Amino acid sequence: MKGGSEVFDAVTSVAFSPDGQTLVRGSYDEPIELYNWRTGKVIKKLSRASSKLWSVAISPDGKLLATGPLLEEDAKNEKDTTIKLWNLDTGMLLGALKGHSSDVRSIAFSPDGLTIASSSHDKTIKLWRVNTGELLYTFYGHTNNVTSVAFNPDGKTLASGSDDLTIKLWSLNSRKLIRTLKGHSAQVLSVAFSPDGQTLVSSSGWNEVSRIAENSIKLWNPKTGELQRTLTGHLSWVWCLAISPDGQTLASGSYDNSIRLWNLRTGELLQTLTGHSNWVYSVAFSPDGQTLASGGPDSSALQNLW
């Protein structure tokens, strides 16, 4: 794996284009940046409009970029809670998805690229039609911030993680709750499906009530809800997760300033990456699985390509 860094402002989210040529980063204060990490050149910068960013996601065909806002609690102006859609090739703003009333913490495109799922601090998950921007459905059930959403690769199930300590699995056909997974003793910060859809991974952090940090990763069977394995080793909140395209390696980023690589099948810790000097907010594998991008408040911005 490759290593390197450049300096940008606090990076909250990173994503690779499907062809592996472009890395997109969202941050607190800088423009959205499209970066050719192989050549080291910035392709283009997109205005963030009025919001800091929590999340970025790229459509499966590589044509669209979706961005979700992070709101400032002391903002004096009217708060922008819309999801923005951009043409990734031209950088043109195509539209805004209006419906959430708070931060949009996570965004995901469905495997067929026709639907966007978003999760918010307004305690809801919303489904949107990509080509029209129409709000299709709102899932209710979580009792606190919904921090993460992920589509099962079969496109039939959506997983959501929340500060209410639970993970919920939703049917995209019936749009009903399939089951609630309980096992974390702290806020669920991230969820991710393996490429074959047979494993759901979740990570946790801090419990505001007990004032205790869990700092664990859990592997679940999404069909049965069975907890298969718990991975421990991080010294602080496990903020983000990514699974390699071949389904062999799990990457986890933490408030302990490290990224850990795990064998997804056995749970073995393979490597600890310590290039960050601050929290790790986001991790993403390149489509060929050979490169890992990460971002955090230390402003590392080739996002430490390992």
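This one's a predicted model, so the numbers in the text were calculated from it and none came from an experiment.

A word on the sheet that holds strand β21 (residues 217–220)
On the basis of which strands lie adjacent, the open sheet formed by 4 strands has the order β17-β18-β21-β22 and antiparallel pairing. Pairing within the sheet leaves two strands with one partner each, and these edge strands are β17 (188–193) and β22 (227–231). Neighbour to neighbour, the strand axes of the sheet diverge by 20 degrees on average, direction disregarded. Bridge analysis of β21 against β22 gives 4 bridges, and the strand direction is antiparallel. Each bridged residue has a counterpart across the sheet, and for Ile217 the counterpart in β22 is Leu231.

What about the pairing of strand β24 (residues 249–254)?
For β24, a buried count of 6 out of 6 residues is recorded, marking the element as mostly surrounded by other parts of the structure. Burial of the side chains of β24 extends over both faces: Thr249, Ala251 and Gly253 are buried on one face and Leu250, Ser252 and Ser254 on the other. Where strand β23 (residues 238–243) meets β24, 5 bridges bridge the pair, whose relative direction is antiparallel. By the bridge assignment for β24, Ile243 is matched with Leu250. In this structure, the hairpin formed by β23 and β24 is closed by a connection of 5 residues, where Gly247 is found at a positive phi of approximately 75 degrees.

A word on the layout of surface pockets
Estimates place the volume of the largest pocket at around 1,400 Å³. Surrounding the largest pocket, 49 residues form its lining, Ile107, Ala108, Leu241, Val283 and Ala284 being those nearest its centre. Elements that contribute at least two residues to the lining of the largest pocket include exactly β1 (11–16), β5 (52–58), β9 (104–109), β13 (146–151), β17, β23 and β27 (282–285). Considering only enclosed or pocket space, the second largest pocket measures out at about 360 Å³ in volume. Around the second largest pocket sit 18 residues that line it, and Trp54, Arg105, His121, Asn145 and Trp239 are the ones nearest its centre. Tallied by class, the residues present in the lining of the second largest pocket amount to 8 nonpolar, 4 polar and 6 charged.

With respect to the pairing of strand β15 (residues 166–171)
Along any regular strand the residues' side chains alternate between the sheet's two faces. Along β15, 6 of the 6 residues are buried, which leaves the element largely enclosed by surrounding structure. Taking every second residue as pointing to the same face, both faces of β15 are buried, with Thr166, Lys168 and Trp170 on one and Ile167, Leu169 and Ser171 on the other. In terms of strand pairing, strand β14 (residues 157–162) meets β15 through 5 bridges, oriented antiparallel. In the strand pairing of β15, Leu158 is matched with Trp170. Between β14 and β15, which pair antiparallel in sequence order, lie 3 residues; one of them, Leu165, sits at a positive phi of approximately 80 degrees. Pairing of β15 with strand β16 (residues 177–182) involves 5 bridges; the strand directions are antiparallel. Bridged to Trp170 within β16 is Leu177. In textbook terms, the turn of a hairpin is the stretch between consecutive antiparallel strands, and for β15 and β16 this stretch comprises 5 residues, one of which, Arg175, has a positive phi near 60 degrees.

Cut-offs and rules
- Residues numbered from 1 in each chain as written.
- Predicted model: local features only at pLDDT ≥ 70, side-chain atom pairs only at ≥ 80, totals over all residues.
- Heavy atoms only, no water.
- Pairing = 2+ DSSP bridges.
- Helix = DSSP H or I, 4+ residues; strand = E, 2+ residues; numbered from the N terminus.
- Axes fitted to C-alpha atoms, helices over the stretch in contact; angles between N-to-C directions.
- Buried < 20%, exposed > 50% of the residue type's maximum accessible area, 1.4 Å probe, protein only.
- 1 Å grid on protein atoms, 1.4 Å probe; cavity = no way out; pocket = protein on both sides within 12 Å on 5 of 7 lines; lining within 4 Å.
- Points joined across faces, edges and corners; volume = space filled by probe spheres on them.
- Nonpolar A, V, L, I, M, F, W, Y, C, P; charged D, E, K, R; others polar.

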